[in-house]
Protein chains: 2
Amino acid sequence: MTDGAASAPAFVAVDWGTSSFRLWLIAGDGGVLGESRGGEGMMHCSTAGFEPVLERHLAVVNAPSWLPVMICGMAGARQGWIEAPYLDVPTALDALPRAAVAVPHDGRDIRILPGLCQRDPHAPNVMRGEETQLLGLRPQARGHRLVCMPGTHSKWVTLEDDKVVSFQSYMTGELYAVLTRHAVLRHAVVPDSRTVADDPVFLGAFESAYAEPARVWARLFEPRPAQLLGLEETKDGAAHLSGLLIGAEIGAASMRSSQRGITLVGSGQLGRLYAAALERAGFELVLADAEQVTRDGLVHAAGQIWGTNNG
Amino acid sequence: MTDGAASAPAFVAVDWGTSSFRLWLIAGDGGVLGESRGGEGMMHCSTAGFEPVLERHLAVVNAPSWLPVMICGMAGARQGWIEAPYLDVPTALDALPRAAVAVPHDGRDIRILPGLCQRDPHAPNVMRGEETQLLGLRPQARGHRLVCMPGTHSKWVTLEDDKVVSFQSYMTGELYAVLTRHAVLRHAVVPDSRTVADDPVFLGAFESAYAEPARVWARLFEPRPAQLLGLEETKDGAAHLSGLLIGAEIGAASMRSSQRGITLVGSGQLGRLYAAALERAGFELVLADAEQVTRDGLVHAAGQIWGTNNG
């Protein structure tokens, strides 16, 4: 492969979420040549259509008309562009590119990566998007690994070498959102509060919740009476509730495994909160940037299918 | 007291909630002579005013202008008609009538009962309305007792004779409401579903959640993937989620106490669900009707203050 080929556009990578769209023009060496972002996630496109949105963003990065496109995320859901059926766990991560579904299209090779599912009646679960991040993590380590992927529905994944063994979902992000928007706790949290990772209110709530995750069912209400009784200021409500919910998640997840090494796939402020919390809980962290590993996963998948890079 | 006096109107009892209003015309012997209900709870009255609402309902039952009125609930909140400051626990229940706050009024004696608060920085809590139900339970038993009061914010109360020792709040009802209206689980629950107490889906989810309440943090999401994977029908989503949330509540509450005798203050379908669940969990139940004990509490308070009955 010449240097010219290495830096020429090789394919387009797309992370198509529920409410977001991110596209990168990727070179033969995996480098990013251009990007385009928007709010046209699955929810938008289910009615407005998927192809026009993709075409608009392809035009932004001047993608040649022959360039293939590798997509992960909700575009592959049943309500998405075309369904890319879940792969069952346990599964090797390399099975993901092989199971990518081709979108019927005039002239361009467009593939959508499948999600993963756990068809266990006692622990049913699904993911779409995170599996590509796991694929992106692939080269980082071997053996038995735990991966924490915080978000609207946080995922905790157990890997064995290249194999996804099992995973759990915690509705932490969505619980925070609905409780602070629609429940009585809306009076106890300043809208759009940003909790910082060294906030003693956050860390205090986290530690006690982590120690007794079952008790948090009796504690979610806490910020409201604490403030009514003058024991807490409204400005501390967000940190208090974040600490309780993240403590419940990490506490409950810790009960399932004695593994203390963990890869945290995070970004921004939420990533910093989880990093601080996991360190308090005694985990040894490997940090991975969420967007980077998504792109790495798409690059790896493209390499497997089109040989566009070294994967 | 003559029979005539016993059956003549002695006072008016009012349960003024956040979003509901219930008024009863009570005789000297505690019997109900008339009632009037409406949706004019505190939220409505904070802007529309409290007195006109009370007057309208007093007119419905033809309450004589000299008849005193005993009120419990959110009318005594800071955002209510007039604040009836919380009594701190531990407290004797008989302190409640003594702490009732008189509403300044031309010609009628109107009192609002206080709520209870737990000013413990590690377990802050408040209640308004349930304290009157505890007062209504008063004659039923002595000694150490546990009381479960399910609802939007379920309360679990520890009593020692006539003394409220401590209490916890579980946001079970509100969690169910916000998750099924505003979170991804709205796709997994048929709106306005009514779960019945012998539904095997409810009981199955309850038992496993009760056994491991911490694990429910990883299971709230469950109905959604179970249905996406064809392992559950949408019609079962409500029973599944109810079982998980009520199991988490009763499981977490059970970890705090080895007490197996419990008084359940419930009503309607929710009361039946809790009764079935508590029995599955091995509790010995004493059932109390929520509305009856509210009225009994108001009657007892009126008796203490005005000597209108035998309390």
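Before any of the text, the structure's been laid out above.
In this report, we go over the structure that sits alongside the text. (Residues numbered from 1 in each chain as written. Chains lettered and ligands numbered in written order. Predicted model: local features only at pLDDT ≥ 70, side-chain atom pairs only at ≥ 80, totals over all residues.)

**Re the overall build of chain A**
Next, step 1: Scanning chain A from terminus to terminus reveals 11 helices and 15 strands.
Next, step 2: In terms of overall dimensions, chain A is globule-like: its C-alpha atoms have a radius of gyration of 21 Å, near the 19 Å expected for 311 residues.
Next, step 3: C-alpha atoms of chain A, sized along the principal axes, occupy 65 × 40 × 40 Å.
Next, step 4: Within the span of chain A, comprising 311 residues, buried residues form 53% of the whole.
Next, step 5: Considering only contacts in chain A between residues 6 or more positions apart, those separated by 24 or more positions represent 64%. (Helix = DSSP H or I, 4+ residues; strand = E, 2+ residues; numbered from the N terminus. Rg over C-alpha atoms; globule rule 2.2 N^0.38 Å. Buried ≥ 20, exposed ≤ 12 C-beta atoms within 10 Å, placed from the backbone. Contact = placed C-beta atoms within 7 Å.)

**Observations concerning the sheet that holds strand β2 (residues 21-27) of chain A**
All names here are of chain A.
Next, step 1: The strand order across the open sheet built from six strands is β3-β2-β1-β4-β8-β7, with neighbouring strands paired in mixed fashion. If you trace the sheet from one side to the other, it starts and ends with β3 (32-38) and β7 (101-103), each paired once. Direction aside, the axes of adjacent strands within the sheet are offset by 20 degrees on average.
Next, step 2: Sheet topology note: the strand β4 (residues 69-73)/strand β8 (residues 110-112) ladder contains three bridges and is parallel. Each residue of the ladder has a partner; that of M70, found in β8, is R111. (Pairing = 2+ DSSP bridges. Axes fitted to C-alpha atoms, helices over the stretch in contact; angles between N-to-C directions.)

**With respect to the interface of chain A and chain B**
Next, step 1: In this assembly, 35 residues from chain A lie in contact with 35 residues from chain B.
Next, step 2: Of all the secondary structure elements, the ones that give two or more residues to the side of chain A that touches chain B are β10 (125-127), β13 (163-170), α6 (172-182), α8 (223-228) and α9 (237-254) of chain A.
Next, step 3: In terms of residue class, the side of chain A that touches chain B is built from 24 nonpolar, six polar and five charged. (Nonpolar A, V, L, I, M, F, W, Y, C, P; charged D, E, K, R; others polar.)

**Comments concerning the packing of α6 of chain A against helix α6 (residues 172-182) of chain B**
Next, step 1: As a packed pair, α6 of chain A and α6 of chain B sit with axes 10 Å apart at the nearest point and diverge in direction by 105 degrees. It follows that α6 of chain A is roughly perpendicular to α6 of chain B by the angle criterion. Between α6 of chain A and α6 of chain B, the residues in contact are V178, L179 and H182 of chain A and V178, L179 and H182 of chain B, respectively.
Next, step 2: Taken together, the residues of the contact of α6 of chain A with α6 of chain B break down into four nonpolar, two polar and no charged. (Parallel < 35°, antiparallel > 145°, perpendicular 65-115°, else oblique.)

**Points about the sheet that holds strand β5 (residues 87-88) of chain A**
Sheets are built from strands paired through backbone hydrogen bonds, the pairs being either parallel or antiparallel.
Residues and elements named next belong to chain A.
Next, step 1: Pairing is mixed in the open sheet, where three strands are placed in the order β5-β9-β10. Every interior strand has two partners, whereas the edge strands, β5 and β10, have only one.
Next, step 2: Of the strand pairs in this sheet, β5 and strand β9 (residues 116-118) are connected by two bridges, and their pairing is parallel. For D88, the partnering residue across the bridge sits in β9 and is C117.

**Some remarks on the relation of the copies chain A and chain B**
The pair of chain copies shares a relation made of a rotation about an axis and a shift along it.
Next, step 1: When chain A is fitted to chain B, the best match, at an RMSD of 0.0 Å, comes from turning it 180 degrees and sliding it 0.0 Å along the axis. Given the turn and translation reported, the copies of this chain are related as if by a two-fold rotation axis. Within chain A, A214 of chain A has its C-alpha nearest the rotation axis, a separation of 2.0 Å.
Next, step 2: Comparing interface residues between copies, 100% of those in chain A also lie at the interface in chain B; the contact surface is shared. (Least-squares fit on C-alpha atoms with pLDDT ≥ 70 in both.)

**Considerations on the packing of helix α9 (residues 237-254) of chain B against helix α10 (residues 268-280) of chain B**
All names here are of chain B.
Next, step 1: Taken N-terminus to C-terminus, the directions of α9 and α10 make an angle of 60 degrees; their axes are 11 Å apart at the nearest point. On the basis of their axis angle, the class for α9 and α10 is oblique. Here the hand of the crossing between α9 and α10 comes out right-handed. On α10, the residues that touch S242, I246 and I250 of α9 are L273, Y274, A277 and L278.
Next, step 2: Across the contact of α9 with α10, the residue classes break down as six nonpolar, one polar and no charged. (Left-handed = near helix turned anticlockwise from the far one by under 90°.)

**What about helix α7 (residues 200-211) of chain B?**
Residue and element names in this part refer to chain B.
Next, step 1: If you check α7, its first and last C-alpha atoms are 16 Å apart, about what 12 residues at 1.5 Å a residue would give, namely 16 Å.
Next, step 2: Of the residues making up α7, those classed as buried are V201, F202, A205, F206, A209 and Y210. One side of α7 holds all its buried residues, which, seen down the axis, span an arc of 150 degrees. Facing away from the buried side of α7 by over 90 degrees, the exposed positions are P200 and A211. (Expected span 1.5 Å × (residues − 1). Arc of directions from axis to C-beta.)

**A word on the environment of E130 of chain B**
All names here are of chain B.
Next, step 1: Examined against the element boundaries, E130 turns out to sit in helix α5 (residues 130-137).
Next, step 2: In this structure E130 comes out as buried when scored by C-beta crowding, with 27 C-beta atoms within 10 Å.
Next, step 3: For E130 and G73, which are 57 residues apart along the polypeptide, the C-alpha to C-alpha distance reads 8.0 Å.
Next, step 4: Excluding residues within four positions of it along the chain, E130 makes contact with M149 and K155.

**Remarks on unusual backbone geometry**
All names here are of chain A.
Next, step 1: Here V89 and P90 are connected by a cis peptide whose omega angle stands at -5 degrees.
Next, step 2: Here P90 is to be found in the loop between β5 and β6 (91-92).
Next, step 3: Positioned with a positive phi, N62 is a non-glycine residue whose angle comes to about 55 degrees.
Next, step 4: Checked against the element boundaries, N62 lands in the loop between α3 (51-60) and β4.
Next, step 5: Phi is positive for D161, which is not a glycine, with a value near 50 degrees.
Next, step 6: Within the secondary structure layout, D161 lies in the loop between β12 (154-160) and β13.

**Observations regarding the nonpolar core**
Next, step 1: With 202 residues, the main nonpolar core has V12 and I71 of chain A together with V12 and I71 of chain B as its most contacted residues.
Next, step 2: Residue contacts for I71 of chain A: discarding those within four places in its chain leaves V14, W16, I110, R111, I112 and L113 of chain A. (Core = buried A, V, L, I, M, F, W, Y, C linked by C-beta atoms within 7 Å.)

**Some remarks on the pairing of strand β14 (residues 261-266) of chain A**
Residue and element names in this part refer to chain A.
Next, step 1: Of all six residues making up β14, five are buried, and the element is well covered by its neighbours.
Next, step 2: Taken together, the two bridges between strand β11 (residues 144-149) and β14 define a ladder with parallel strand orientation. When the bridges of β14 are listed, C148 appears paired with L264.
Next, step 3: In this sheet, strand β15 (residues 284-289) lies alongside β14 in parallel orientation, the contact comprising six bridges. Within β15, the residue paired with G261 across the bridge is E284.

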